[in-house]
Amino acid sequence: MTLRPFHLAFPVHDLDAARNFYGALLGCREGRSDRDWVDFDFFGNQIVAHVAPAAVAARGEDRNAVDGESVPVPHFGVVLSMEEWQALTDRLTDAGLQFVIEPTIRFEGQPGEQATMFFRDPSGNALEIKAMAQPENLFAKN
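One structure accompanies this document, and this report is about it. A quick note: this is a predicted structure, and the numbers were derived from the prediction, not measured.

## As for the packing of aromatic side chains
- Going through the model one piece at a time under the given rule, you end up with 8 aromatic pairs.
- Taken together, a centroid distance of 5.3 Å and an interplanar angle of 40 degrees make the contact between Phe-10 and Phe-76 tilted. Of the two residues, Phe-10 is situated in strand 1 (residues 7–12) and Phe-76 in strand 7 (residues 76–80); the sequence distance between them amounts to 66 residues. An identical accessibility class is assigned to Phe-10 and Phe-76; each is buried.
- Where Phe-21 meets Tyr-22, the ring centres are 4.9 Å apart and the plane angle is 80 degrees; that geometry is what we call edge-to-face. The same class applies to Phe-21 and to Tyr-22, which are both buried.
- Cluster of aromatic residues (ring-pair linked, three or more members): Phe-10, Phe-21, Tyr-22, Phe-40, Phe-42, Phe-43, Phe-76, Phe-99 and Phe-119.

## Side note on the nonpolar core
- Counting 28 residues, the largest nonpolar core has Tyr-22, Leu-26, Phe-42, Leu-92, Phe-119 and Ile-129 as its most contacted members.
- Elements represented by at least two residues in this core include exactly strand 1, helix 1 (15–25), strand 3 (37–42), strand 4 (45–51), strand 7, helix 3 (82–94), strand 9 (114–120) and strand 10 (126–132).
- With residues up to four places along the chain from it excluded, the contact list for Leu-92 reads Leu-25, Leu-26, Leu-97, Phe-99, Met-117 and Phe-119.

## Details of the sheet that holds strand 9
- Strand order in the open sheet formed by 4 strands is 7-10-9-8, and the pairing between neighbours is mixed. Two strands in the sheet have a free side with no partner beyond their single neighbour: strand 7 and strand 8 (99–106). When the angles between neighbouring strand axes are averaged without regard to direction, this sheet yields 10 degrees.
- As judged from the 5 bridges shared by strand 8 and strand 9, these two strands associate in the antiparallel manner. Counterpart to Ile-105 in the pairing with strand 9 is Ala-115.

## A short note on the environment of Ser-70
- By secondary structure assignment, the location of Ser-70 is in strand 6 (residues 69–73).
- When its relative accessible area of 36% is taken as the criterion, Ser-70 is described as partly exposed.
- Considering only alpha carbons, one finds Ser-70 and Leu-80, 10 residues apart in sequence, at a separation of 22 Å.
- The contacts of Ser-70, once residues within four sequence positions are left out, are Arg-63, Asn-64 and Ile-101.

Each value, and the rule that gives it
- Residues numbered from 1 in each chain as written.
- Predicted model: local features only at pLDDT ≥ 70, side-chain atom pairs only at ≥ 80, totals over all residues.
- Heavy atoms only, no water.
- Phe/Tyr/Trp six-rings, centres within 6.5 Å; stacked < 30°, edge-to-face > 60°.
- Helix = DSSP H or I, 4+ residues; strand = E, 2+ residues; numbered from the N terminus.
- Buried < 20%, exposed > 50% of the residue type's maximum accessible area, 1.4 Å probe, protein only.
- Core = buried A, V, L, I, M, F, W, Y, C linked by side-chain atoms within 4.5 Å.
- Contact = heavy atoms within 4.5 Å.
- Pairing = 2+ DSSP bridges.
- Axes fitted to C-alpha atoms, helices over the stretch in contact; angles between N-to-C directions.

Just distances and angles here, no functional claims.
What follows is the structure in structure tokens.
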């Protein structure tokens, strides 16, 4: 499967906090930037943190039920290999990151079986990092 990189622009309240979270903690290389925005290489995808404190303050706390968990909506993330997912899980756990949904296996024994975890950045943006037990089943129906 060949996927094209995606681009996502999202609001943050503080660029230094975003740089520390996405750069130092998640290991995303910084790209272009200006006074009010910064690009990151988010595992081969382009994400852009834009200073927009009013958008951050106005964000609600919506959730949907998925496989027995209360999943934050909206959220964004990436699908890693199981090895990359485990290494990142270990790094985030060692750093003391507070998870919204602890690292777990979802849809166990089904075509969509995946390792997943949810957490928030310093501006409250929800992220999901997952890894598929069988990557070719990324779009398979359970």
